[in-house]
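Now for the letters of each chain:
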Amino acid sequence: MMMIRSAIARRLSSSSSSSYAWLTTTTKSSSSSLDLVDQTLHGFQKRSTCSSPTPPVGLPSYMTAAVFWEPNKPLSFEEFHIPRPKSGELLIKTKACGVCHSDLHVFKGELPFASPCVAGHEITGEVVEHGPDTDNKVTQRLPIGSRVVGAFIMPCGSCSYCAKGHDDLCEDFFAYNRAKGTLYDGETRLFLRISGKPVYMYSMGGLAEYCVVPANALTILPKSLPYTESAILGCAVFTAYGAMAHAAEVRPGDSVAIIGTGGVGSSCLQIARAFGASDIIAVDIQDDKLQRAKIFGATHVINAAKENAVDKILEISGGKGVDVAVEALGKPQTFLQCTQSVRDGGKAVFIGLTAAGVIGEVDINRLVRRKIQIIGSYGGRARQDLPKIVRLAERGIFDLSSAVSRRYKFEESASAYQDLNQGSIVGRAVVEIM
């Protein structure tokens, strides 16, 4: 992990024209785009033209999206055929897309994912088309013109986990979208305009003017909530809610420590406060983030660069440790800190992703003897949780305006991820698309 970071640091500190190469948005020539696509089809049958039907009257035939080709290669804006939704899917005119570390992990090659792809997985937008043969209940719930927010975990609604209400473990989402970059018929909805060649989708591929989203991942966004700030409801807040409601099961009076107070960690602070946690401890190494943490509900803050985080958490909790500790960074050091910070019988919840293959350590004897619970949590349950999350924001219990600290134009997408990589975004950033 340190070797990876050192290599990235060397690239970022270079003053050559290749600096930020993997984050610099460019416009590729048609020939270079086709060459790259031909080399990275990963099992898709090559197509010379797009076979998608003509879009309905009133919709454009083409759109622009930001494409990730491969690690250390620039993002580029490319023209696509308007994506065509299939049964149970909706075409969304994208209004805003959140900037998340998960995308950054893909761009840096730390999380393996099919390429070329369109990333971006927390979106708001407007429903402009229903896929053919979509159930009437869906079209009535999400009519044309509806304002919507989308969850990054897009449940199929019919697998064994979805049938039990465990949308966060949806078999098709992991087997198709995360493993292959497609939707649940094994095909992408994204095809380049000139060549018709397919491009993969990270979730719905939200860094685009239009995107296709399974209906189960969408809920209505009230007019009282803005498109831009509400984009974070579909990942940053959605992830925090899943961790606090289902993994940690936070109850009124619980003591909670959040290790890492970026976009997701700071959302955990707000959800913990909403659930009635008593002592809410924020841990980070940046004082500006810790100051903001107080706005989001932290009753105590710890700068882990200046003092021992575990010792301080034990001191605050009267020597026992907290009921719940949440690790939101995905680092071996903070993984261990999280397990050491909980009381006997407490819950250590992990939501931070890291580079593939990174291993966390735990004191086995304490784990066994003191009944420490170690729980992973990837996100919430879209059909049940996303409407609840929207209501929290609508009632002002979750403060969206303070949570979003930076806004970028669509053409500045690469700069947003560059800033995220440098650690200069305090809170959450959003790309405004339309």
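What you are looking at is a predicted structure, and each value in this text was computed from that prediction instead of being measured.

1. Some thoughts on the overall build of the chain
Then, number 1: Scanning the chain from N- to C-terminus turns up 16 helices and 18 strands.
Then, number 2: Considering only intrachain contacts with a sequence separation of at least 6, the fraction spanning at least 24 residues in the chain is 72%.
Then, number 3: With an accessible surface of roughly 17,500 Å², the chain has 50% of that area assigned to carbon and sulfur atoms.

2. Quick notes on the packing of helix H11 (residues 309-316) against helix H12 (residues 332-341)
Then, number 1: One way to put it is that H11 packs onto H12 with a least axis distance of 9 Å and a crossing angle of 20°. With respect to H12, the element H11 is oriented roughly parallel. H12 is crossed by H11, and the crossing has right-handed handedness. Packed against H11, whose contacting residues are Ala309, Val310 and Ile313, the element H12 presents Gln337, Gln340 and Ser341 at the interface.
Then, number 2: Here the contact of H11 with H12 is composed, by residue class, of three nonpolar, three polar and no charged.

3. Re helix H16 (residues 413-422)
Then, number 1: For H16, the tally of buried residues reaches eight of 10 residues, placing the bulk of the element in the interior.
Then, number 2: Where H16 is concerned, the buried positions are Ser413, Ala414, Ala416, Tyr417, Gln418, Asp419, Leu420 and Asn421.
Then, number 3: At the C-terminal side of H16, Gly423 shows a positive phi close to 75°.

4. Some thoughts on a nonpolar patch on the surface
Then, number 1: On the surface, a cluster of nonpolar side chains totalling about 340 Å² of accessible area is made up of Val362, Ile364, Val368 and Ile374.
Then, number 2: Within the secondary structure, Val368 sits in helix H13 (residues 364-369).

5. Quick word on the sheet that holds strand E4 (residues 117-118)
Think of a sheet as strands paired side by side through backbone hydrogen bonds, with each pair either parallel or antiparallel.
Then, number 1: With mixed pairing, three strands are arranged side by side in an open sheet as E4-E8-E7. Looking at strand neighbours, the two that pair on one side only are E4 and strand E7 (190-191), the edges of this open sheet.
Then, number 2: Where E7 and strand E8 (residues 198-201) come together, two bridges link them in antiparallel fashion. Across the sheet, residue Leu190 finds its bridge partner in E8, namely Val199.

6. Side note on the packing of aromatic side chains
Then, number 1: Evaluation of the coordinates by the stated rule reveals 11 aromatic pairs.
Then, number 2: Measuring from centroid to centroid gives 5.0 Å for Phe77 and Phe410, while their planes differ by 70°, and the two rings are edge-to-face. Here Phe410 lies in the loop between strand E17 (404-409) and H16 and Phe77 lies in strand E2 (residues 76-81), a separation of 333 residues in the sequence.
Then, number 3: Overall, the relative accessible area of 16% leaves Phe77 in the buried class.
Then, number 4: Exposure remark for Phe410: the relative accessible area of 8% places this residue in the buried category.

7. Structural notes on the environment of Tyr241
Then, number 1: Mapping Tyr241 onto the fold places it in helix H8 (residues 236-247).
Then, number 2: Considered as a pair, Tyr241 and Ala272 are 31 residues apart in the sequence and their alpha carbons are 8.8 Å apart.
Then, number 3: With residues up to four places along the chain from it excluded, the contact list for Tyr241 reads His246, Ile271, Phe275, Asp385, Lys388, Ile389 and Leu392.

8. Quick notes on the sheet that holds strand E12 (residues 280-284)
Then, number 1: Pairing within the open sheet is parallel, and its six strands lie in the order E13-E12-E11-E14-E15-E16. With one partner strand each, in any of the chains shown, strand E13 (300-303) and strand E16 (373-376) form the two edges of the open sheet. Pairs of neighbouring strands in the sheet enclose a mean axial angle of 15°, with direction left out of account.
Then, number 2: Helix-sheet contacts for helix H10 (residues 287-295) involve E12 and E13, and the interaxial angle to E13 is about 170°.
Then, number 3: Sitting on the sheet, H12 is in contact with strand E11 (256-259), strand E14 (322-327), strand E15 (342-350) and E16, with an inclination near 150° to E15.

9. Structural notes on the packing of H8 against helix H9 (residues 263-274)
Then, number 1: Running from N to C, H8 and H9 point in directions that differ by 50°, and their axes come no closer than 8 Å. Taken together, H8 and H9 sit at an angle that is classed as oblique. Note that H8 runs across H9; the crossing there is right-handed. Across the interface between the two elements, Ala236, Val237, Thr239, Ala240, Tyr241 and Met244 of H8 pack against Gly263, Val264, Ser267, Cys268, Ile271 and Ala272 of H9.
Then, number 2: Tallied by class, the residues present in the contact of H8 with H9 amount to nine nonpolar, three polar and no charged.

10. Notes on the side chain of Arg84
Then, number 1: Among the secondary structure elements, Arg84 is positioned in the loop between E2 and strand E3 (89-99).
Then, number 2: According to the relative accessible area criterion, Arg84 is buried, its value standing at 9%.
Then, number 3: Among the polar contacts made by the side chain of Arg84, one reaches the side chain of Glu129 at a distance of 2.8 Å.

11. Overview of the nonpolar core
As a rule of thumb, nonpolar side chains are buried together in soluble globular proteins.
Then, number 1: By size, the foremost hydrophobic cluster in this structure holds 118 residues, and its most contacted members are Phe80, Ile92, Val118, Val213, Ile232, Leu233 and Met244.
Then, number 2: Top contributing element to this core by residue count: H8, with nine residues.

12. Side note on the pattern of salt bridges
Then, number 1: Evaluated as defined, the whole model comprises 17 salt bridges.
Then, number 2: Linking Glu89 and Arg189 is a salt bridge whose minimum nitrogen-to-oxygen distance equals 2.8 Å. Highlighted residues: Glu89 in strand E3 and Arg189 in the loop between helix H6 (171-180) and E7, separated in sequence by 100 residues.
Then, number 3: With a relative accessible area of 8%, Glu89 lands in the buried category.
Then, number 4: By relative accessible area, which is 4% here, Arg189 ends up buried.
Then, number 5: Residue Arg383 is joined to Asp167 by a salt bridge in which the shortest nitrogen-to-oxygen separation is 2.6 Å. Residue Arg383 is located in helix H14 (residues 382-394), and its partner Asp167 is located in the loop between helix H5 (160-163) and H6; the two are separated by 216 residues in the primary sequence.

What counts, and where the lines are drawn
Residue numbers here run from 1 along each chain, matching the order of that chain's written sequence. Only residues with pLDDT of 70 or above have their local features reported here, since the model is predicted, and side-chain atom pairs are shown and tallied only from 80 upward, although totals for entire chains, interfaces and linings are computed over all residues. Computation of side-chain values: all heavy atoms of the structure, hydrogens and water removed. Strands here mean DSSP runs of E at least two residues long; helices mean DSSP runs of H or I at least four residues long; both are numbered from the N terminus. Contacts between residues were defined by any pair of non-hydrogen atoms, one from each residue, lying within 4.5 Å. The Shrake-Rupley method, run with a 1.4 Å probe sphere, supplies the accessible areas, and residue values consider only the shown protein chains as cover. Axes here refer to lines fitted to C-alpha atoms; in helices the fit is confined to the stretch in contact. Angles between the N-to-C directions go from 0 to 180 degrees. Relative orientations are named as follows: roughly parallel for angles under 35 degrees, roughly antiparallel for angles over 145 degrees, roughly perpendicular for angles from 65 to 115 degrees, and oblique for any other angle. The crossing is said to be left-handed when, going from far helix to near helix, the turn is anticlockwise and less than a right angle, and right-handed when the turn is clockwise. All amino acids are sorted into three groups, where Ala, Val, Leu, Ile, Met, Phe, Trp, Tyr, Cys and Pro are nonpolar, Asp, Glu, Lys and Arg are charged, and the leftover types, Gly among them, are polar. Burial classification: accessible surface area is computed with a 1.4 Å probe over protein chains only, and a residue below 20% of its type maximum counts as buried, one above 50% as exposed, and the rest as partly exposed. Residues enter patches when their relative accessible area tops 30% and they take part in no salt bridge; the joining distance is 9 Å for like charges and 5 Å for the nonpolar side chains Val, Leu, Ile, Met, Phe, Trp and Tyr. Salt bridges are identified by distance alone: a Lys or Arg side-chain nitrogen within 4 Å of an Asp or Glu carboxyl oxygen. Here the rule is simple: two strands pair whenever DSSP picks up at least two bridges between them. Between 30 and 60 degrees the pair is tilted, below 30 it is stacked and above 60 it is edge-to-face, where a pair is any two Phe, Tyr or Trp rings, Trp via its six-membered ring, whose centres lie within 6.5 Å. Pairs of N or O atoms within 3.5 Å make up the polar contacts considered here, provided that, within protein, one atom can donate a hydrogen while the other can accept it, and that residues adjacent in sequence are counted only when both atoms are side-chain atoms. Nonpolar cores were defined as sets of buried Ala, Val, Leu, Ile, Met, Phe, Trp, Tyr and Cys residues, with membership established by side-chain atoms within 4.5 Å.

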